[in-house]
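Descriptive structure summary
Okay, here's what each chain looks like letter by letter:
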2 protein chains.
Amino acid sequence: MKPCDTHDTGTCQRISEMLSRIGDKWTLLVVRALGRGPRRFSALRRELGSISQKMLTRTLRNLERDGLVIRTVTPTTPPQVEYALTTMGEDLFGPIAALADWTITHADCIDAARAAYDGREASIQRAA
Amino acid sequence: MKPCDTHDTGTCQRISEMLSRIGDKWTLLVVRALGRGPRRFSALRRELGSISQKMLTRTLRNLERDGLVIRTVTPTTPPQVEYALTTMGEDLFGPIAALADWTITHADCIDAARAAYDGREASIQRAA
DNA sequence: CCGCATCCTCCCCGATACTG
DNA sequence: CAGTATCGGGGAGGATGCGG
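Chain A appears in an unreviewed UniProt entry as Winged helix-turn-helix transcriptional regulator from Paracoccus niistensis.

All names here are of chain B. Pairing between strand E2 (residues 69-74) and strand E3 (residues 80-85): six bridges, direction antiparallel. Across the sheet, Thr 74 pairs through a bridge with Gln 80, a residue of E3. Hairpin remark: E2 followed by E3, antiparallel, with five residues in the connecting loop.

Turning next to the protein's contact with DNA strand D. Around DNA strand D, the surrounding shell holds 19 residues, and the nearest of these are Phe41(A), Ser42(A), Arg71(A), Lys25(B) and Lys54(B). Of all the secondary-structure elements, those providing two or more residues to the surface near DNA strand D are helix H3 (41-48), helix H4 (53-65) and strand E3 (80-85) of chain A together with helix H4 (53-65) of chain B. Ranked by the residues each element gives to the surface near DNA strand D, the list is headed by H4(B), at four residues.

Right, let's get into the protein's contact with DNA strand C. Neighbouring DNA strand C are 18 residues; Lys25(A), Lys54(A), Met55(A), Ser42(B) and Arg71(B) lie closest to it. A breakdown of the atoms of DNA strand C within 4 Å of the protein gives sugar and phosphate a share of 69%. In the environment of DNA strand C, a sugar or linking oxygen lies 3.0 Å from a nitrogen or oxygen atom belonging to the side chain of Arg40(B). Interatomic distance of 3.0 Å between a side-chain N/O atom of Tyr83(B) and a phosphate oxygen of DNA strand C. For the surface near DNA strand C, the secondary structure elements donating two or more residues are H4 of chain A together with helix H3 (41-48), H4 and E3 of chain B. Tallied by class, the residues present in the surface near DNA strand C amount to eight nonpolar, four polar and six charged.

To continue, consider the sheet that holds E2(B). Residue and element names in this part refer to chain B. Pairing is antiparallel in the open sheet, where three strands are placed in the order E1-E3-E2. Each edge of the open sheet carries a strand with a single partner, namely strand E1 (39-40) and E2. Sheet topology note: the E1/E3 ladder contains two bridges and is antiparallel. The residue of E3 that forms the bridge with Arg 39 is Tyr 83. The sheet contacts of helix H2 (residues 27-35) involve E1, E2 and E3, and relative to E3 the element is tilted by about 95°.

Residue and element names in this part refer to chain A. At a minimum axis separation of 11 Å, helix H2 (residues 27-35) and H3 run at an interaxial angle of 115°. Here the hand of the crossing between H2 and H3 comes out right-handed. Contact residues: H2 offers Leu 29, Val 30, Ala 33 and Leu 34, while H3 offers Leu 44, Glu 47 and Leu 48.

Cut-offs used in this document
Residues numbered from 1 in each chain as written. Chains lettered and ligands numbered in written order. Predicted model: local features only at pLDDT ≥ 70, side-chain atom pairs only at ≥ 80, totals over all residues. Heavy atoms only, no water. Pairing = 2+ DSSP bridges. Helix = DSSP H or I, 4+ residues; strand = E, 2+ residues; numbered from the N terminus. Near = heavy atom within 4 Å. Polar contact = N/O pair within 3.5 Å; in protein donor to acceptor, adjacent residues only side chain to side chain. Nonpolar A, V, L, I, M, F, W, Y, C, P; charged D, E, K, R; others polar. Contact = heavy atoms within 4.5 Å. Axes fitted to C-alpha atoms, helices over the stretch in contact; angles between N-to-C directions. Left-handed = near helix turned anticlockwise from the far one by under 90°.

Printed below as a string of structure tokens:
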């Protein structure tokens with residue numbers, strides 16, 4: 001493939017911005033959870049385990065702002081708020097799956113590279 | 001497509017880790033530059049413009065540790081250090097291109113969603 | 001030329017407490 | 001149940017200076 005089809009620097013920054021969003025601590029997990037179907041706030045919280053309310057709220061807000069998630073409020077008491085992926089949000093699974101496949105197929109190779117690198121580091125320490 | 005083929009949570013974290021790496025401030029730009037061919041440290045520095053030495057060094061070290069980039073030192077005076085993508089590093093362009101395409105094709109949609117969201121925010125401010 | 005060490009700043013994120 | 005407000009630690013990242 002052409003190695004430089006990531007286009008101009010401006011577009012590259014845009015892509016980087018998206019990668020930062022998806023690559024932050026919780027977004028991918030939230031998107032994955034919502035990929036299995038709409039969820040209420042607390043359901044997401046339980047499903048993700050260790051996330052704080054603040055970060056779940058922030059993550060969902062960001063996703064909502066980018067049009068990847070839609071937020072539906074039912075003003076009852078107690079209130080019900082449901083989150084669901086938009087079509088655009090579901091489209092994200094395609095590219096993510098590509099990255100996921102790459103990661104999985106190269107995981108061993110990466111681990112080996114890290115072990116080799118860290119081993120070299122350690123031997124440098126010993127030499128000193 | 002199946003929306004939940006991002007596998008188990010452990011694998012998901014692994015993918016997230018990779019996304020964080022690629023999604024950090026400089027990695028994608030560095031990889032893209034190296035995709036056009038091997039580069040020396042200073043050449044990368046000039047090409048990327050505003051990156052500090054510290055961050056360029058750190059970024060390259062991380063890539064090297066993960067086996068995506070190889071570092072070749074020629075011990076002359078002054079020393080020459082050349083960086084190049086490994087095969088695994090070049091393989092990354094496939095998945096990245098998928099994400100890049102998604103980002104480009106959805107850029108307008110994201111901008112519209114953000115404008116709508118921010119517009120709503122502003123009107124809430126006025127209402128208060 | 002390459003890269004490490006130091007200092008400083010800002011923001012991410014968690015913990016906690018409080019509203020409707 | 002859903003969300004906001006506040007505080008605090010820690011890491012990312014820039015600027016500068018030194019060393020090989």
